[in-house]
Every structure is written in structure tokens, then in C-alpha cells.
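Residues per chain are reported as follows:
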Amino acid sequence: MSDAPHAGDPAGRPVPHASASVSAAAGTVTGPDSGPGPDGAHPYDALLLLSFGGPEGPDDVVPFLENVTRGRGIPRERLAEVGSHYFLFDGVSPINAQCRALRDALRKDFAEHGLELPVYWGNRNWAPYLTDTVREMARDGRRRVLTFATSAYASYSGCRQYRENLAESLAAVEAEGLTPPHLDKLRHFFNHPGFVEPMADGVLAALDSLPAGVRDAASLAFTTHSIPTAAADTSGPPGDHGGGGAYVAQHLDVARLVAEAVAERTGTEHPWELVYQSRSGPPEVPWLEPDICDHLEALHAGGAPAAVMVPIGFVSDHMEVRYDLDTEADAKARELGLPVARSATVGTDPRFVAAVRELVLERAAVERGARPERCAVGALGPSHDVCPVACCPGRTGKPAAAGADSPYA
Ligand SMILES: CC1=C(CCC(=O)O)c2cc3nc(cc4[nH]c(cc5[nH]c(cc1n2)c(C)c5CCC(=O)O)c(CCC(=O)O)c4C)C(CCC(=O)O)=C3C
Ligand SMILES: [Fe+2]
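Since the model is a prediction, treat every value here as computed from it, not as a measurement.

A. Structural detail: the sheet that holds strand β5 (residues 219-225). The strand order across the open sheet formed by four strands is β6-β5-β7-β8, and the pairing between neighbours is parallel. Lying at the two open borders of the sheet, with one neighbouring strand each, are β6 (272-277) and β8 (340-342). Here the average twist between neighbouring strands, direction ignored, is 25 degrees. Pairing analysis gives three bridges linking strand β7 (residues 307-310) to β8, with the strands arranged parallel. Note that in β8 the partner of Ala-307 across the bridge is Val-340. Each of β5, β6 and β7 is contacted by helix α9 (residues 245-266), which is oriented at about 135 degrees to β6, the strand it contacts most.

Structure (C-alpha cells):
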């Protein structure tokens, strides 16, 4: 935080220097555990936690899936299949409970650090719906709101689609005669140490849970949501397009960072690979591969004694993790006789919660004209604050808020 005045830590601990060289391997805490300084989060008057949403009972499942897939060309069989995953869990997705927990953890962290910034929560696909939340913020008189979307990496699905949802909600609230707040969006956080370090800890714990005889030679299978290769190739700003785009490059860097942190702490270099899961869409459309289940087969065939599945694509243990990994991929591994463990997602790890606060304070300082230190680990550097024109393009050219091509300047 170079230009912004620095209040230090109310607990009286020394304030560590925010640095990209902070060792993920040493398990040290991340950037500045900083208080807000006299400007607080000015010019922002609220934080919006924006997420995917999920059903919370059997009657919600079909309407939820209709919301998710409207106009997306998902085959009927795939929908029935995905619906059955939710019914296995009584129609309850874990994601909303996890968002409530994150919202509450953020409120607590902000309060503990003297940051007066209300936290709202809205979803793309299920209640609390984003439009209802934007209306509530308008009624509460919020004028400028910073959005934290629970999606770490660049892609249409993880970035622009959320920005399109923001634009739709702004338009809907405006049409009701209300003045909605101006909305900005935080930079992608994939390479923030508060995201990377808890994942490295998770891998160490998962390795420890494997039988001692197979632990040292276990492979790390870093896994994320598959997307169409065409969407991957155009992910991120135009200059990053092609060859898997920013989406693949960002995941590869996180995987490498976690693998290196694990090697440093165990003294053992585990072989690793980036693989994909939760493929959807018609079979003739190419999506990123290999699939995690095929990868487990290949590992087994190649003589790997064990594997850790590391869900770097997801911030919490929602359905993609509980079903696609803990149920389906786990069954595949059992069938093969391959010992596997699944490492933890960051969830409400205090380092991740603190990272959100740091990102909020960083962006607020930028908007005040300061040049704060921008914490990031790995080779790619901190991501852009404002998505440039043609960043993560969609098929429809819908208006998107919180970017250089936003009609809501
Ligand atoms: C990149 C990415 C993320 C990570 C970034 C982020 O977190 O945003 C993500 C997250 C999630 N995806 C989720 C659920 C679903 N995703 C679907 C469909 C799709 N996801 C896609 C991509 C992503 N998805 C894509 C390209 C499609 C095809 C349809 C389309 O092009 O839009 C479908 C439809 C059925 C199916 O086709 O599988 C469902 C039900 C849930 C909630 C889980 C819960 O309930 O706990 C979460 C967090
Ligand atoms: Fe983007």
C-alpha cells in the first residue's frame, strides 16, 4: 500500500510487507493484514458478493436448471443427468450455505479490521437473485458498489457472463424508476496468495491422508471446470487470446505454484497435470480435456500408485466438487483400485477472507488515484482492474457492466 496511508493492524502485530515474493511454500500469511486507513473503502459504499446460486430443496432443482441453461443449448439428457446429481443430495446444493458463510466471514473480518463496508449478496441463478439485491442496494442509497464474484479465473462463464448479469439487473432496477449504484468488479484473484496458500495446505493434508506407502509418489491432478475450447481460446483480454487463452494459462500458473509449494514443504516433487471436469454441451462441440476420470484411468495405467484431486477451479465445496469429484471420480478411482484423496477448497479460510479485504482496499485506493501495492504470486502478475473491450467475449454481444465496454460508465 505505497501511497495510501496505512493504519496498521489493530491487533498490534507488525504489518508484513505486501510482496509478490511472499513464499507460498513457507505457509506464511499473504500480503498486508492491513486496516483500512483513514479513507476506508472510499469511494465504495458497499461490497456485493456475487455468486452462481443453487437449489435449496427438491422443488427448486428443475427451475434452477432452467435458469442456468436458458438459451445455452444444453442437451436434455445432460440436464436430466445433472438434475439427478442434485436429487442425490435431496435437491440441496451446498453453494448457498457456503455463500452465506463467506458473507458472514467477510462481515466479521471487516468489522475486526475497522472497515465499515456493508456486504450484500446476490446470485446469477437462484435466490437471493441479483436483481433483488441491486434493488435493495438502490433503496438503501448505495451509490458505488464493488463486486466480488466467486470465480477466480478469466472466461466468459467466470467473468463476462457475471458482468452481463450485472447489466441486466441495473437495467431492471432502472426500469422500476430507481437509481441503481454504479458497479465495479474486483480483479481476478487466482494468483492472490490468500487463494493459493490455503490450497497448498490442503494438498499437504490430502497427501497425509493417503497410505504412507503410496504418498511420496502420488500424482497431483489439478482440476477445474471444463469449458468449450472456443471459450478458452478467447478468454481474457484480446492479447491473451489463443491456445487456451487466459483461462488455461492462469490455471497452469496456479497449479505450478501449488505444486512448487508442496515440493518445497515435503521435499518431494509430485508429478502433476491440469485436467478438467463437469463437461456439458453437445458432444460434437470440443471442450477442454482430459476429463478427471479419464485422467485417473491414465494415471493408473501408467503405474501411478495414488493421486490427489486438487479442485483449483472452485472456491468452495459446491456440487461440482461434492458430486463430480467426491462421488463420480472417487467411484472411478475405487473401481481402478487407485487410492485418491481430494484436497480442500479455500471456503472461508481466514487468508482467503483477508485477501478479499485486501483486494477491496487495493481497488479503493486505485479509484482514489493512489498506486497501491498489488499482491500477486506467480508468473502472470496482477490481473486488470477493468476488463478491456473484447475481454472474454460472449456469443450474443449483450451489454455488460463493470468493464471498458460498459454502457453504465
Ligand atoms: C467456468 C465455470 C465455472 C467456474 C466459475 C464460477 O464459479 O462461476 C462454473 C461454476 C458453476 N457451475 C455450476 C452449475 C452448473 N453449471 C452448468 C453449466 C455450465 N457451467 C460452465 C462453466 C462454469 N461453471 C459452462 C460453460 C456450462 C455450460 C452452459 C453454459 O455455457 O452456460 C450447469 C448446467 C448443467 C450442465 O450443463 O452441467 C450447472 C447446473 C455451479 C453451481 C454448483 C452448485 O449448485 O453447487 C457453479 C459454481
Ligand atoms: Fe474478463
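B. Region of the structure containing the pairing of strand β1 (residues 46-51). With six of six residues buried, β1 lies mostly within the body of the structure. Bridging between β1 and strand β3 (residues 144-149) involves five bridges; their strand directions are parallel. Bridge pairing in β3 links Leu-50 to Ala-149. With five bridges connecting them, β1 and strand β2 (residues 119-123) associate as parallel partners. If you follow Ser-51 over to β2, its bridge partner there is Asn-123.

C. Examining the UniProt feature "binding site: Fe-coproporphyrin III" (unreviewed entry) in the protein more closely. Per the UniProt record, "binding site: Fe-coproporphyrin III" (unreviewed entry) is found at Ser-93 and Tyr-162. Note that Ser-93 resides in the loop between α2 (76-88) and α3 (95-112). Setting aside anything within four residues of it in sequence, one finds Ser-93 in contact with Gly-54, Pro-55, Tyr-86, His-318 and Met-319. Relative to the helices and strands, Tyr-162 resides in helix α5 (residues 156-175). We classify Tyr-162 as buried; it has 25 C-beta atoms within 10 Å. In this structure Tyr-162 touches Leu-50, Arg-124, Ala-149 and Ser-151, once residues within four positions along its chain are discounted.

D. Looking closely at the site of ligand 1. Close to ligand 1 lie 26 residues, the nearest being Gly-54, Ser-93, Ser-280, His-318 and Met-319. It is helix α1 (residues 61-69) that provides the largest number of residues to the shell around ligand 1, a total of three residues.

E. Structural detail: the sheet that holds β3. The four strands lie next to each other as β2-β1-β3-β4, forming an open sheet whose pairing is parallel. The open sheet is flanked by β2 and β4 (182-185), the only strands paired with a single partner. In this sheet, neighbouring strand axes are inclined to one another by 30 degrees on average, regardless of whether the strands run parallel or antiparallel. Against the sheet, helix α4 (residues 130-139) contacts β1, β2 and β3, and its axis sits at roughly 150 degrees relative to β2.

F. Looking closely at the UniProt feature "binding site: Fe(2+)" (unreviewed entry) in the protein. Under the local residue numbering, the UniProt record ascribes the feature "binding site: Fe(2+)" (unreviewed entry) to His-225 and Glu-320. A maximum C-alpha distance of 8.2 Å is found for the annotated residues, which run over 96 residues; spatially they form one tight group. If you trace the backbone, His-225 turns up in strand β5. Once residues lying within four places of it in the same chain are set aside, the contact partners of His-225 are Gln-277, Ser-278, Gly-313 and Glu-320. Position of Glu-320 among the secondary structure elements: in helix α11 (residues 319-336). Exposure remark for Glu-320: the 22 C-beta atoms within 10 Å place this residue in the buried category. Leaving out residues up to four positions away in the same chain, Glu-320 has contacts with His-225, Gln-277, Ser-278 and Phe-314.

G. Molecular detail of the environment of Ala-200. Within the fold, Ala-200 resides in helix α6 (residues 193-209). A count of 24 C-beta atoms within 10 Å places Ala-200 in the buried class. It is 30 Å that separates the C-alpha atoms of Ala-200 and Arg-163, two residues lying 37 residues apart in sequence.

H. Up close: the confidence of the model for the protein. Put simply, the protein has an average pLDDT of 91, and 91% of its residues get 70 or more. Note on residues 1-32: pLDDT is under 50 here. Beyond four places in sequence and across chains, it has 80 contacts. Our summary of model confidence lists the complex with pTM equal to 0.92 and ipTM equal to 0.94.

I. Quick look at the nonpolar core. Of all hydrophobic cores here, the largest spans 113 residues; its most connected members are Val-203, Val-258, Ala-307, Val-308 and Val-310. Not counting the four nearest positions on each side in its chain, Val-310 is found in contact with Met-199, Val-203, Leu-220, Ala-221, Phe-222, Thr-223, Val-258 and Ser-343.

Calculation rules
Counting restarts for each chain, with residues numbered from 1 along the sequence as it is written. For this description, chains carry letters from A and ligands carry numbers from 1, given in the order in which they are written. Where local features are concerned, this predicted model is filtered to residues with pLDDT of at least 70; where side-chain atom pairs are given and counted, the filter is 80 or more; whole-chain, interface and lining totals use all residues. Only when DSSP finds a minimum of two bridges between them are two strands counted as paired. The helix and strand labels rest on DSSP assignments: H or I over at least four residues marks a helix, E over at least two residues marks a strand, and numbering proceeds from the N terminus. Interaxial angles span 0 to 180 degrees and are taken between N-to-C directions of axes, which are lines fitted to C-alpha atoms, for helices over the stretch in contact. Distance between backbone-placed C-beta atoms decides contact: two residues are in contact if it is within 7 Å. Remark: C-beta atoms are placed from the backbone, and a residue is labelled buried if 20 or more other C-beta atoms sit within 10 Å of its own, exposed if 12 or fewer do, or partly exposed between those counts. UniProt positions are given in the numbering used here, feature names are shortened, and annotations may be inferred rather than shown by experiment. Think of it this way: take the backbone, place a C-beta atom on it, and check whether that atom is within 6 Å of the molecule or strand, in which case the residue is near it. Values of pLDDT, ranging from 0 to 100, describe the predictor's confidence in every residue of the model. For this entry, the nonpolar core is defined as buried Ala, Val, Leu, Ile, Met, Phe, Trp, Tyr and Cys residues connected by C-beta atoms within 7 Å.

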